[in-house]
Amino acid sequence: MAIIDSPAIKERSTVSIVMFTVILALLPSLFLQIGFFGYQILGNLFIGIGFALFLEAICLRLRNYPIRPFVLDGSAFVAAWLLIVSVPANIPIWTLLIGIFFSIVVAKHAYGGIGSNPFNPAMIGYAVLLISFPKIMTNWPVSEGFEVNNFIQFFEFFSFLNTNEVYDAVVSATPLDQIKTLLFLGEEVNILPISFSTLAPYQMIALLYFLGGLFLVYKKVITWHLPLSLILSIYFFSSLLYFYDQSTYMSPMFHLLNGATFLAAFFIITDPVSSPTTLKGKVIFGILIGLITVIIRNYGGYPDGIAFAVIFMNICVPLIEKFTQPKVFGYE
Amino acid sequence: MELTDKIFKFFGGIKPNGHKSISTMNPIKRLPIPKKLIIPVRQHVGKVPNIKVSVGERVLKGQILAEPVANISAATHSSSSGTVIAIESNKIPHPSGLPDLCITIETDGKDEWIKNDKIDRSRLSSEALYEVMKFSGIVGLGGATFPTHIKLNSNKIKTLIVNAAECEPYITCDDMAMQEKTKEFIEGIQITMDILKIPHAIIGIEDNKPKAIEKLKISLSGSKNISIKVVPTIYPSGDEKRLIYLMLGLKISKEKRPVDFGIQVFNVATLISLGRFFYHSEPVISRIVTVTGALKRPNNYEALIGTPIQELIKDAGGSPNQDIIMGGPMMGFKLPHTDVSVTKAMNCLLAMTDDMKSKDTFEMPCIRCTKCVEVCPAQLQPQELYWHAKSKQFEKLTEDYKLFDCIECGCCSYVCPSNIPLVQYYRYAKSEIRDQLKSSEVADIARERNEFRLYRIEREKKERAERNAQRRAQTSDIDKKKLIEEKKAAIAEAMKRIEEKEK
Amino acid sequence: MIAAILIILSITAFIGLVLGYASIKLKTDGDPIIDRIDKILPQTQCGQCGYPGCKPYATAIANGEADINQCPPGGDDGVHKLADLLGVEYKPLNAEHGETKPKSIAIIDESTCIGCTLCIQACPVDAIIGAAKQMHTIVEKECTGCELCLPPCPVDCIEMVEIPETTDNWKWKYPIHPIKQQH
């Protein structure tokens, strides 16, 4: 019998509290997303997260672990939420469920459950969907502006299951997609440099992710190292390319506000299990993800490279940790 | 070592609720002499001292019961006058619950002191002083119980640091000692500096003790070589190496000792005992114990060593079957039995409150959040230590991750959101590694002995063969015949004797 | 097509040469494998493995004559370490060679000892002090608990006593892991 009573006092902190704070930080962006694009995202969230928790319970059962403490710790909840906001809100529900399956069952439980997954579950799900269903994944809804109606219609949101009720969805590619297509066609890209007055809905949502992320740093859920290093890295490398050739490459602000940069910086790469534990390691991790993302966005085959950059760097985490171990007190 | 006024800040640490005011409302209490004193023979780090008394003998207060043996050892004294009624194995306050040898004394109520010669420091050389100090029974009374005379056996100490931090929540014995025994405390510091010729002393005290700081500042207003540095209240500023860093900005790892840098750190109670020993020739026979927690009347008690703790708990308004922690809530351990007695290491008896009794001892998986890294005062990687200890891979722990630099302060377990008992894993790993080292040393000796034995047998065989060969070579053929004839004659004579006997 | 084959062959040959050169030039002069195996064995010298001592057993393992799971005093831990060292698969201890017992030491009942020196000759680490017709006694510190002195004694005056757990040799236990027990 071990004597597990030292220390006898403990700070009140659990994994659930951490996850709950993350969800709080994600809410403002959700609010804006419903306002601009309708309540479909809520339906996705409901079904997606429900399915994720269901799958998690089955996996735990199969692995002979008690279900309650693990399902209630909120990690599958957050992973599913991040996947759902990374994909277009109007994807068919079956596509989303496939993505969630890969996130929860393959990326998380097949590798040993929470704490043992080497890859970021949300990013694995996204990568699988992007590679398997490229057409669906690149058709994003377009907004007509902020509609308060969308919130009133909330009470009818169950009706989205009824596909007869046509939701007037106008879809198009994200700005990143558009640029990629134009470049592929060899045409010049003439998009105005981004300023705050010309912010489109997606960019406003990205800003809210930024603010939510600052909230997380304030609450000490995450440290500033990862977000700052990713943001600065993307800014720096895209500036290099921008100053080299302004007609082909987009401005740094464009790169920051488009795509999932802020979402990734504060919510995705900061997944504690798949990112390095040492502070120096975190900075290196952020910088390299930024570099790879900029390369993929400009030279790779996919519009947004964050997912692949993250997965690639997840593989390198043990190596990074090995070389960035800090010195112990007294051994300088 | 340059002394600056600067106070440094160490990495990590936590700020738990202090709960100090509940036990500092009343002065230190002294209970009447208990009927029985159960004094463990060994109350220090090191070897068991030699018992010098026998059952039935009458002993006086302050009489030596056990003398230190060579190397790391300390003396044990009787806390009151009475008769030794037993020297046997008894329950002691230890996390294992295993018993140890104790001397039980039935007190006669007279509390008669033994006559000790006054120590004339001016006439004793430092070697002689060291010999005298060996028998003082003074050990580190902050809880470490390392024999103090060994720490004082050096003439290279330039700075004396007084550990008045008392960083652990609930414990207030040093605080009250500094408030009520200010003069004795300062005398203790001065005499220690005097004997060892230490030029400077710094008192490191946390800012949650305003009354004690006030009193000390007044008493030390004229002193040139004793200064006070007030540090912010962060746990664990009272750890020896953290305190040295706070005071002097010097980082010392596990591989070195403070004495190598000309520094020595002593606890408040230890210095008070040193003062009493050198001025009044009194050995350690009592200590101040904070009895606090879930009791009606938490208080500090000046208790005789060997007092059954139930007497203290009862006076403080507790019940006999409460769970009691010996020490503070961070580094203390739950006493497996509470019918034990006060020892030199017992600085606090903490009756467990409801929030201390862990309701959910679920150990969830580690999510690598690195909150533990942020608070570790030794700047270790607690999660790496945890994974290696948990999977029993002990090879990398000592060298690569510096497990033995861990001071087991508990900051990491305090913040872990997955409720992992990190300190328990480190203690287990340290035990196992020490045990493995010991086993391999024993195995090496056994291997040597075995090899020597095989060599010895070979050698004996060779020697015997040589001797035989020599003997055979020496005797020539003629001599051989002569030998044979002589032997035949001897046998014939023996046969004749036997025949005659039979007749 | 020919060009491709030639290129691959030449690369292979080059790498082969480099490896061959490295295996000769950079050969490590480390401990011979027997010493490394012997370092893992507990040095009880009891002979339960079937060999007269730990060094002969280490030699046998190195020559492939003996299996790694024949040493009960080394316990499961020892078999794991040998498996790791030699790169073979772990096997549970072979019960034919005995079972792992808690560490004990031998003690001679002095009132019964007749001073025959048979146990002194049997002890593999010379842990017994005595001489012919003089009292024999076992040096506690040196006794490995091999039990080889028990059979030769003609009056059966030696017995094995388990080493008791005291505050000196007490170890912290592995913290129990309630999460799976809960289920």
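Everything quoted here is computed from the prediction, not taken from an experiment. (Residues numbered from 1 in each chain as written. Chains lettered and ligands numbered in written order. Predicted model: local features only at pLDDT ≥ 70, side-chain atom pairs only at ≥ 80, totals over all residues.)

J.: A description of the overall build of chain A should follow, citing residues and the corresponding values.
T.: Within chain A one finds 15 helices and 2 strands. Every one of the 332 residues in chain A was classed for burial, and the buried ones make up 46%. Within chain A, contacts between residues separated by at least 24 positions form 76% of all contacts whose residues are at least 6 apart in sequence. (Helix = DSSP H or I, 4+ residues; strand = E, 2+ residues; numbered from the N terminus. Buried ≥ 20, exposed ≤ 12 C-beta atoms within 10 Å, placed from the backbone. Contact = placed C-beta atoms within 7 Å.)

J.: Explain the domain arrangement of chain C residue by residue, including any values.
T.: Residues and elements named next belong to chain C. Split by domain assignment, chain C resolves into domain 1 (32-97) and domain 2 (101-163). Put simply, the middle of domain 1 and the middle of domain 2, counted by C-alpha atoms, are 25 Å apart. Opposite the 6 residues of domain 1 that make contact, domain 2 presents 7 residues. Class assignment of the residues belonging to the side of domain 1 that touches domain 2 gives a composition of 1 nonpolar, 5 polar and no charged. (Domains from an automatic or database assignment. Nonpolar A, V, L, I, M, F, W, Y, C, P; charged D, E, K, R; others polar.)

J.: Which residues make up the sheet that holds strand 13 (residues 299-304) of chain B, and what values go with them?
T.: Hydrogen bonds along the backbone pair up the strands of a sheet, which may run parallel or antiparallel. All names here are of chain B. One open sheet accounts for 5 strands, arranged 13-12-16-14-15; its pairing is mixed. Pairing within the sheet leaves two strands with one partner each, and these edge strands are strand 13 and strand 15 (333-334). By the bridge criterion, 2 bridges tie strand 14 (residues 324-326) to strand 15 in an arrangement that is antiparallel. Along strand 15, the bridge assignment pairs M326 with F333. (Pairing = 2+ DSSP bridges.)

J.: Give a description of unusual backbone geometry that names residues and reports values.
T.: Residues and elements named next belong to chain B. The step from Y235 to P236 runs through a cis peptide bond, and the omega angle for that step is 0°. Here P236 shows up in the loop between strand 10 (226-231) and helix 6 (240-248). Even without being glycine, K197 reaches a positive phi, approximately 55°. Inspection of the secondary structure puts K197 in the loop between helix 4 (182-196) and strand 9 (200-206). Exposure remark for K197: the 10 C-beta atoms within 10 Å place this residue in the exposed category. Despite not being glycine, R368 has its phi angle at roughly 60°, a positive value. With respect to the helices and strands, the residue R368 is situated in the loop between strand 16 (348-351) and helix 9 (371-375).

J.: Describe in detail helix 5 (residues 93-108) of chain A, supporting the description with residues and values.
T.: Along its 16 residues, helix 5 of chain A runs 21 Å from first to last C-alpha, staying within 8% of the 22 Å computed at 1.5 Å per residue. Within helix 5 of chain A the residues assigned to the buried category are L96(A), G99(A), I100(A), F102(A), S103(A), I104(A), A107(A) and K108(A). (Expected span 1.5 Å × (residues − 1).)

J.: Which residues make up the interface of chain B and chain C, and what are the values?
T.: On the side of chain C, 21 residues touch chain B, which itself brings 22 residues to the contact. Of the residues in the side of chain B that touches chain C, the class split is 8 nonpolar, 6 polar and 8 charged.

J.: Just give me the short version of the interface of chain A and chain B, but keep the residues and values in it.
T.: Counting from both sides, the interface comprises 30 residues of chain A and, opposite them, 41 residues of chain B. Counted by class, the side of chain A that touches chain B contains 16 nonpolar, 9 polar and 5 charged residues.

J.: Any details on the packing of helix 1 (residues 15-37) of chain A against helix 4 (residues 75-86) of chain A? Residues and values, ideally.
T.: Axes are the key here: two packed helices are described by the angle between their axes and the distance separating the axes. Residue and element names in this part refer to chain A. It is the contact of helix 1 with helix 4, at a shortest axis distance of 9 Å, that shows an interaxial angle of 25°. Comparing their axes, helix 4 and helix 1 come out roughly parallel. In this structure, the crossing between helix 1 and helix 4 has a hand that is left-handed. Facing V15, M19, V22, I23 and L26 of helix 1, the residues of helix 4 in contact are S75, F77, V78 and W81. (Axes fitted to C-alpha atoms, helices over the stretch in contact; angles between N-to-C directions. Parallel < 35°, antiparallel > 145°, perpendicular 65-115°, else oblique. Left-handed = near helix turned anticlockwise from the far one by under 90°.)

J.: Can you explain the environment of V125(C)? Please cite residues and give values.
T.: Examined against the element boundaries, V125(C) turns out to sit in the loop between helix 5 (118-122) and strand 2 (128-129). Along the primary structure V125(C) and C143(C) are separated by 18 residues, whereas in three dimensions their C-alpha atoms are 7.5 Å apart.

J.: So what's going on with the pairing of strand 13 of chain B? Which residues, and what values?
T.: All names here are of chain B. Counting buried positions along strand 13 gives 5 out of 6 residues, so the element sits mostly inside the fold. In this structure, strand 12 (residues 286-293) lies alongside strand 13, joined through 6 bridges in antiparallel fashion. Pairing of I288 across the sheet is with E302, part of strand 13.

J.: Lay out the environment of I34(A) in plain terms, naming residues and giving numbers.
T.: Residue and element names in this part refer to chain A. Of note, I34 is situated in helix 1. Residue classification places I34 among the buried residues on the basis of 21 C-beta atoms within 10 Å. With 285 residues separating them in the primary sequence, I34 and L319 have C-alpha atoms 41 Å apart.

J.: Give me the environment of P365(B): which residues, what numbers.
T.: Relative to the helices and strands, P365(B) is located in the loop between strand 16 and helix 9. Distance in space between the C-alpha atoms of P365(B) and S418(B) is 6.4 Å, their sequence separation being 53 residues. P365(B) has contacts with G113(A), I114(A), G115(A), S116(A) and S418(B), leaving out every residue within four places of it along the chain.

J.: Can you break down the sheet that holds strand 2 (residues 50-51) of chain B residue by residue, with the values?
T.: Residue and element names in this part refer to chain B. Spatially, 2-4-5 is the arrangement adopted by the 3 strands of the open sheet, whose pairing is antiparallel. Each having just a single partner strand, strand 2 and strand 5 (76-77) make up the two edges of the open sheet. Relative to strand 4 (residues 64-67), strand 2 runs antiparallel, the two sharing 2 bridges. Paired with N50 across the two strands is E67, which belongs to strand 4.

J.: Account for helix 11 (residues 225-244) of chain A, naming residues and giving values.
T.: With 20 residues, helix 11 of chain A extends 28 Å between its outermost C-alpha atoms, agreeing within 8% with the 28 Å of an ideal straight helix rising 1.5 Å per residue. All buried positions along helix 11 of chain A are accounted for by H225(A), L226(A), P227(A), S229(A), L230(A), I231(A), S233(A), I234(A), F237(A), S238(A) and L241(A).

J.: Go over the packing of helix 6 (residues 121-132) of chain A against helix 15 (residues 306-323) of chain A, please, and point to the residues and values.
T.: All names here are of chain A. At a minimum axis distance of 9 Å, the contact between helix 6 and helix 15 shows a crossing angle of 125°. In terms of orientation, helix 6 and helix 15 fall into the oblique class. Crossing of helix 6 against helix 15: the hand is left-handed. Packed against helix 6, whose contacting residues are M123, I124, Y126, A127 and L130, the element helix 15 presents A307, F308, V310 and I311 at the interface.

J.: Requested: an account of the confidence of the model for chain A, with residues and values cited.
T.: If pLDDT is low for a region, its predicted coordinates should not be looked at in detail. Residues and elements named next belong to chain A. Looking at chain A as a whole, the pLDDT averages 83, with 82% of positions reaching at least 70. Within chain A, the element-level pLDDT minimum falls on strand 2 (residues 171-172), averaging 58, and the maximum on helix 5, averaging 94. In this model residues 157-169 is a low-confidence stretch, pLDDT under 50, and it forms 11 contacts with partners more than four residues away in sequence or in other chains. (pLDDT = per-residue confidence, 0-100.)

J.: Hey, could you go over the pairing of strand 7 (residues 99-107) of chain B for me, with residue numbers and the actual values?
T.: Regular strands place side chains that alternate from one sheet face to the opposite one. Residue and element names in this part refer to chain B. Relative to strand 7, strand 1 (residues 36-40) is paired through 5 bridges, and the arrangement is antiparallel. Residue K36 lies in a different strand from strand 7, and its bridge partner there is E106. In terms of strand pairing, strand 6 (residues 82-91) meets strand 7 through 9 bridges, oriented antiparallel. Paired with V84 across the bridge in strand 7 is I105.

J.: Now, about the confidence of the model for chain C: what can you tell me, with residues and values included?
T.: Residue and element names in this part refer to chain C. Predicted confidence across chain C gives a mean pLDDT of 86, with 95% of residues reaching 70 or more. Ranking the elements of chain C by mean pLDDT puts helix 6 (residues 178-181) last, at 50, and helix 1 (residues 2-25) first, at 93. This complex was scored by the predictor with a pTM of 0.87 and an ipTM of 0.84.

J.: Quick one: what's the story with the nonpolar core, residue by residue and with numbers?
T.: Judged by nonpolar contacts, the single largest core of 205 residues is most densely connected at M123(A), V310(A), V162(B), V289(B) and L349(B). No other element matches the 10 residues that helix 4 of chain A contributes to this core. If sequence neighbours within four positions are ignored, V289(B) has contacts with C173(B), Y301(B), A303(B), L312(B), V342(B), M346(B), N347(B), C348(B) and L349(B). (Core = buried A, V, L, I, M, F, W, Y, C linked by C-beta atoms within 7 Å.)

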